[in-house]
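Tertiary structure, described
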Amino acid sequence: MIKDDTSRTLFRTHGGFKLFTDNVAITGCFKRVLIPGCAEDTIDLVCTCLETLQNVIRDNDENNKCMVRIHGFPDALLTVLGNAPATVQTRCIRLMLLISQNAVGRAAMVSQFDNIRLLVGLMTFVQKSKTGAEDAAKILNNLALEKKFVGHFSSRVSEEVLPAFENLMHNCDKVQSGVFPSCLSFMGNMAHDVTIRREMCNRHEFWDASLSVMTRYSDNVTQPYSHEVLHPLLGLLINVALETSDTLKSLAPEICKKTITLLQCQDDEIKGRATGLLSRVLPHLSEDAMTDLCDRHLPKDLIEILQSTTDDTTKRYATKTLTVLTQSKEDARREVFQTDKELRTLCSLLSGSDDVIIANIALCIGYCSQVPGVSSSLVGSRIIRTLLAKTDTTNSTIKQNCAITLAKLASSDPRHLKEVQELGGIGILNSCMKHVK
C-alpha cells in the first residue's frame, strides 16, 4: 500500500516504475484498452495502474520526474487520452492534473511531452467529455504558467492550436458549464506571447469565432455565466488587439458594432472591458464606420461611463476612445457637448492625477472647442488655470496636449486669451502655436 513518502521512495528505488515498461500484462493492457469494445478487466487494470501512479507521485517531486521520463510513457498517456474509454480518459486527466500542479511536474511535462499534441488533446477532451473537462481546463491553465510551454507554439500556433481553439469557441455551447471560461483565460495567457498574439490578430477565423461567442452571450449579459464567458473573452481580445493586421482592419467595423451593444449592460466589468476593446479597434475604422458609431450615440455612452465609473482603467479606455472620435468627427464633438454640459465631466477628469487620462482629455477638450458655443461656455471656469498648471510637468505629451488646447481656446475667445495673459501663460501659448493646425 502506497500511503506515505517512505513507501513512495521505496517504490522508486526498488524498480516500481519498471512495471510500466517490463511487465507484459500491464503494457499489453495499455494497448488493448485502445481497441473499441475492450474487456472490462482490461479497463479495470489500466484504471488501477493510473490510480497507482497518482499515489506514487503525490507530494513526491522525484517520483514525478521519474514517471514522466519513463520511455514511451508521455506518448502512451496522450494516446490513452485520445482513444480509450471515458473512464480511462478521466483517470488519465486526473493523473496529468496532479503532474501539472507544481513547478517540477510542469517542467517535466513540457520537456517530455509532445506539447502540440498535448494541447490539442486537452482541448478536444474539453469539448467531448462530460466528466473531467474542468480538470482538463485546469491543466491547460497550469501549463500556461510555463514560459517554455508557451514558447513551443510561437512558430506553430496556426497549424493546430488555433484551429482547435476556434473549433472550441464555435462549439462552446456543448462544453461543460464553467470549463469554457477557463479555456478562454488559458488563451488569454498564451496571448501574452507577442508572436502568438500576432498570429491570432491576423487570423480571420479567430476573430470570426470570437465574435460568434460574443453574439451568443451578449443577449443575456445579466446571466452569471454570460459574465464568466464575456469577461475573459474581452480580456483576450483587448490583448490581441494590441497588434495590428489587415484582418483586424477589415473586421474593425463588425467588431465595434458587436462590442458597442455591451455598453448598455449593467455589468460594470463587462462595460469596462468592452470600452477597452473599442479603444484598441476604433483607430482602424474608416470615416464612414466612425459616422455609424456616432449615429449609434457612442460619444454619449462614453460620457455616461466616465460619469459613473470609479475604475481608472475604464476611464483610460473611455478617454482614449472619445479622443479618437472627437478628433475625426464633428458629430462626436457636438454630442459630447450636448451630453456633458460645459464639459464638466471632462474638465473634472483634467484635474486628476492619471497622466494617460489627462493627456487624452486635454486633446478631447481641444477638439470639442471647435464646436460653436463650447469655448464661450468655458469662460469663467477653471479650464485655463488647470491647463496651465498641467503644462508644468516632465511628461512631454501632457505638456504639448495642454498647450495645444490652450492655444485653441485663446484663439477662439478673447476672454480666454486675456486670462492666459493675466496668468503669465503667453510664453507657453507662443511656444505651442506651431502645433495648432
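Residues numbered from 1 in each chain as written. Predicted model: local features only at pLDDT ≥ 70, side-chain atom pairs only at ≥ 80, totals over all residues. Heavy atoms only, no water.

1. Re the overall build of the protein
Basically, it comes down to this: Only DSSP runs of H or I covering at least 4 residues are called helices, and only runs of E covering at least 2 are called strands; the numbering of each starts at the N terminus. Burial classes: relative accessible area under 20% of the type maximum marks a residue as buried, over 50% as exposed, and values in between as partly exposed (1.4 Å probe, protein chains only). Contacts are assigned to residue pairs with any non-hydrogen atoms lying within 4.5 Å of each other. The Shrake-Rupley method, run with a 1.4 Å probe, gives the accessible areas here. Residue values count only the displayed protein chains as cover. The charge count treats Lys and Arg as positive and Asp and Glu as negative. His and the chain ends do not count. Note that the charge is assigned to NZ on lysines, CZ on arginines, CG on aspartates and CD on glutamates.
Tallying secondary structure elements over the protein gives 29 helices and 0 strands in all. In terms of overall dimensions, the protein has a C-alpha envelope of 95 × 40 × 35 Å along the principal axes. Going through the 437 residues of the protein one by one, you find that 54% of them count as buried. In the protein, 71% of the contacts between residues at least 6 apart in sequence involve partners at least 24 apart. Per element, the accessible surface of the protein, about 19500 Å² overall, is 48% carbon and sulfur. Counting 49 positive and 50 negative side-chain charges, the protein places the averaged centre of each group 3 Å from the other.

2. Describing the environment of Ala359
Along the chain, the position of Ala359 falls in helix α24 (residues 355-368). By relative accessible area, which is 9% here, Ala359 ends up buried. In this structure, the C-alpha to C-alpha distance between Ala359 and Leu19, residues 340 residues apart in sequence, is 67 Å. Not counting chain neighbours up to four residues away, the residues in contact with Ala359 comprise Thr397, Ile398 and Asn401.

3. Some details on the side chain of Thr309
We count it as follows: In the analysis that follows, any N or O atom pair within 3.5 Å is treated as a polar contact, provided that within protein one partner can donate a hydrogen and the other can accept it, and provided that, for residues neighboring in sequence, both atoms belong to side chains.
Looking at the element boundaries, Thr309 is found in the loop between α20 (298-308) and α21 (312-328). Overall, Thr309 belongs to the buried group, its relative accessible area being 18%. One polar contact links the side chain of Thr309 to the main-chain amide nitrogen of Asp311, over a distance of 3.1 Å. Each residue touching Thr309, except ones within four places of it in the same chain, is listed here: Thr314 and Lys315.

4. Quick notes on the nonpolar core
A general trend in soluble globular proteins is that nonpolar side chains are found buried together. Worth spelling out the cut-off: Residues enter a nonpolar core if they are buried and are Ala, Val, Leu, Ile, Met, Phe, Trp, Tyr or Cys, with the set joined through side-chain atoms within 4.5 Å.
Counting 153 residues, the largest nonpolar core has Met67, Met96, Leu122, Phe180, Leu343 and Leu346 as the members making the most contacts within it. Of all the elements, helix α16 (residues 224-240) adds the most residues to this core, at 9 residues. What Met96 contacts, discounting residues up to four positions off in sequence, is Leu77, Leu78, Leu81, Met109, Leu118, Leu122 and Ile139.

5. Here we look at helix α28 (residues 414-422)
Inclusion rule: By arc we mean the arc of the directions from the helix axis to the C-beta atoms, nothing more.
Within the span of α28, buried status applies to His416, Glu419 and Val420. Projection of α28 onto a plane perpendicular to its axis shows the buried side chains occupying an angular sector of 105 degrees, all on one side. Facing away from the buried surface of α28 by more than 90 degrees, the exposed residues are Pro414, Lys418 and Glu422. Two to three positions downstream of the cap, the backbone nitrogen of Arg415 sits 2.9 Å from a side-chain oxygen, assigning the N-cap of α28 to Asp413. One or two positions beyond α28, positive phi appears at Gly424, with a value near 70 degrees.

6. Here's the deal with helix α8 (residues 103-112)
If you check which residues of α8 are buried, you get Gly105, Arg106, Ala108, Met109 and Val110. Between a side-chain oxygen at the N-terminus of α8 and the backbone nitrogen of Val104 the separation is 3.0 Å; the capping residue is Asn102.

7. Side note on the packing of aromatic side chains
Note the threshold: The rule is short: rings of Phe, Tyr and Trp, with Trp giving its six-membered ring, pair when the centres are within 6.5 Å, and they are stacked under 30 degrees, edge-to-face over 60, tilted in between.
Counted by the stated rule, this structure contains 4 aromatic pairs. The interplanar angle of 75 degrees and the centroid separation of 5.6 Å between the aromatic rings of Phe206 and Trp207 together place this pair among those described as edge-to-face. Just as Phe206 is buried, Trp207 falls in that class too. Residues Tyr217 and Tyr225 carry aromatic rings whose centres are separated by 5.9 Å and whose planes lie at 70 degrees to one another, so their mutual orientation is edge-to-face.

8. Quick look at the pattern of salt bridges
The cut-off we apply is this: Salt bridge, as used here, is a side-chain nitrogen of Lys or Arg placed within 4 Å of a carboxyl oxygen of Asp or Glu.
Under the criterion given, the structure shown has 16 salt bridges. When the shortest N-O distance is used, the salt bridge between Arg216 and Asp173 registers 4.0 Å. Taken together, the positions of Arg216 in helix α15 (residues 204-218) and Asp173 in the loop between α12 (157-170) and α13 (179-190) put the pair 43 residues apart, joining distant regions of the chain. Taking relative accessible area as the criterion, Arg216 reaches 39% and is therefore assigned partly exposed. Classification of Asp173 by relative accessible area gives partly exposed; the value is 47%. The closest approach of N and O atoms between Arg334 and Glu330, which form a salt bridge, is 3.0 Å. On the criterion of helical spacing, the pair formed by Arg334 and Glu330 is a turn pair, its members being 4 residues apart in helix α22 (residues 330-339).

9. Overview of a negative patch on the surface
Selection rule: Patch definition: residues above 30% relative accessible area lacking any salt bridge, with like charges linked at up to 9 Å and the nonpolar side chains Val, Leu, Ile, Met, Phe, Trp and Tyr linked at up to 5 Å.
The grouping of Asp4, Asp5, Asp59 and Asp61 at the surface amounts to a negative patch. For Asp59, the position within the fold is in the loop between α4 (40-57) and α5 (61-68). On the accessibility criterion, Asp59 (70% relative accessible area) is exposed.

10. Details of the side chain of Thr314
Relative to the helices and strands, Thr314 resides in helix α21. Residue class for Thr314 comes out buried when judged on its relative accessible area of 8%. Sequence-distant contacts of Thr314, that is, excluding residues within four places in its chain, are made with Gly272, Thr275, Ile305 and Thr309.

11. Let's talk about the state of the cysteines
Rules: Any two cysteine sulfur atoms lying within 2.5 Å of each other are counted as a disulfide.
Tallying each qualifying case throughout the model produces 0 disulfides. No disulfide involves Cys47; its nearest neighbouring cysteine sulfur is the one of Cys49, lying 9.3 Å away.

12. Considerations on the environment of Val374
Positionally, Val374 belongs in helix α25 (residues 374-377). Non-local contacts of Val374, meaning those with residues more than four positions away in its chain, are made with Phe337, Leu343, Cys368 and Ser369.

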